[in-house]
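# An overview of the molecular structure
The lines below spell out each chain.
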Amino acid sequence: MNEFVESMAQVVTGVTVVTVKDERDDVGVTVGTFTSISLDPPLVMVSLDNAGYLNELLLRHDRWAASVLSAGQKTVASRFATAGRPGARLLLAGMPHHRGEQSGALIVDGGVTALEAETVKVVPAGDHTLFIAKVLGVDYVDASVLPLSRYRSRYR
């Protein structure tokens, strides 16, 4: 299995923060598997660890937001990737963000893009769950900044 992990570390991935508004708090996590899967209709997919709290929440809440981070947002990515992290509002304290109109989830400002989505299909996939979602709206696009990527277990 170590060879598989090492093999996948050679694949460059974009870095995205996925957030959801729960009854009690705002919750988010950094993910490396977020992608477009259809243009018509516009669909995206995120892959989450089955053991993660966000996975549990997305099984109960259909609407969520995805903020694709820019190269200058390594701190945001690290905060949302840390085990035992507090709620998303605390993680974003002092950082530009706002609440999405359609999902109610927190959206990180200053990334390359952000969108809101609604899960339409949940697919078990080994130790992860794939959430396929229709795009409710694109919050912003900033083509002037470079995306944050992860390569060989480091943000770049």
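Placed above this text is the structure.
Residue positions are given per chain, counted from 1 along the sequence in the order it is written. Local features in this predicted model are restricted to residues whose pLDDT is 70 or higher, and side-chain atom pairs enter the listing and the counts only when it is 80 or higher, whereas totals over whole chains, interfaces and linings include all residues. The basis for every side-chain value is the complete set of heavy atoms in the structure, and neither hydrogens nor water enter the calculation.

## Digging into the overall build of the protein
Numbering of helices and strands runs from the N terminus, with a helix taken as a DSSP run of H or I at least four residues long and a strand as a DSSP run of E at least two residues long. Looking only at helices and strands, the protein features 4 helices and 12 strands. At 15 Å, the protein has a C-alpha radius of gyration in line with the 15 Å of a compact globule built from 156 residues. Counting all 156 residues of the protein, 44% fall into the buried class. Only heavy atoms matter for contacts: two residues are in contact if any of them lie within 4.5 Å across the pair. Sequence separation of at least 24 residues holds for 64% of the intrachain contacts in the protein that already meet a minimum separation of 6. By element, 55% of the accessible surface of the protein is carried by carbon and sulfur atoms, the whole surface being about 8400 Å². The charge count treats Lys and Arg as positive and Asp and Glu as negative. His and the chain ends do not count. Where a charge sits is defined by one atom per residue type, namely NZ (Lys), CZ (Arg), CG (Asp) or CD (Glu). The protein carries 15 positive and 17 negative side-chain charges, and their two centres are separated by 6 Å. Throughout, radius of gyration means the C-alpha value; the globule benchmark is 2.2 Å times the number of residues raised to the power 0.38. Remark: exposure states derive from per-residue accessible area (1.4 Å probe, protein chains only) relative to the maximum for the residue type, with buried under 20%, exposed over 50%, and partly exposed in between. Only the protein chains shown count as cover for residues, and the accessible areas themselves come from Shrake-Rupley with a 1.4 Å probe.

## Notes on the pattern of salt bridges
Charged atoms that come close allow side chains of opposite charge to pair. We define a salt bridge as a side-chain nitrogen of Lys or Arg found within 4 Å of a carboxyl oxygen belonging to Asp or Glu. As enumerated under the stated definition, the model contains 8 salt bridges in all. Salt-bridge contacts for Arg60 lead to Glu56; the nearest nitrogen and oxygen are separated by 3.1 Å. The exposure class of Arg60 is partly exposed, given its relative accessible area of 45%. Linked through salt bridges whose partners overlap, the residues forming this network are Asp22, Arg24, Glu56 and Arg60.

## Considerations on a nonpolar patch on the surface
Two joining distances apply to patches: 9 Å for like charges and 5 Å for nonpolar side chains (Val, Leu, Ile, Met, Phe, Trp, Tyr), and every residue must have over 30% relative accessible area and no salt bridge. Taken together, the side chains of Phe4, Val5, Met8 and Val11 make up a nonpolar region of the molecular surface, amounting to roughly 370 Å² of accessible area. Note on placement: Val5 falls in helix α1 (residues 2–9). Take Val5: its relative accessible area is 52%, and that puts it in the exposed class.

## Observations concerning the nonpolar core
Ranked by size, the top nonpolar core spans 20 residues in total, and within it Phe34, Val46, Leu48, Leu54 and Trp64 carry the most contacts. Elements with a contribution of two residues or more to this core: β2 (16–21), β3 (26–31), β5 (42–49), α2 (53–58), β6 (63–68), β9 (113–125) and β10 (128–141). Excluding its chain neighbours within four sequence positions, the residues that come into contact with Leu48 are Val29, Val31, Leu54, Asn55, Leu58, Asp127, His128, Thr129 and Phe131. Formed by 14 residues, the second largest nonpolar core is a distinct cluster that contains Val17, Phe80, Ala88 and Leu106. Definition of nonpolar core: a set of buried residues of the types Ala, Val, Leu, Ile, Met, Phe, Trp, Tyr and Cys, connected through side-chain atoms within 4.5 Å.

## Concerning the pairing of β5
Extensive coverage of β5 is indicated by the burial of 6 of its 8 residues. By definition, two strands form a pair when at least two bridges between them are found by DSSP. Across 5 bridges, the pairing between strand β4 (residues 34–39) and β5 is antiparallel. Looking across to β5, one finds that Leu39 is bridged to Pro42. In terms of strand pairing, β5 meets β10 through 7 bridges, oriented antiparallel. Bridge pairing in β10 links Ser47 to Leu130.

## Observations regarding the pairing of β2
With 5 of 6 residues buried, β2 lies mostly within the body of the structure. Sheet topology places β2 next to β3; 6 bridges connect them, and they run antiparallel. By the bridge assignment for β3, Thr19 is matched with Gly28. Connecting β2 to the antiparallel partner β3 that follows it, the hairpin turn spans 4 residues. Judged from the 4 bridges that link them, β2 and β6 form a sheet pairing that is antiparallel. Counterpart to Thr19 in the pairing with β6 is Ala65.

The values are spatial; any link to function lies outside them.
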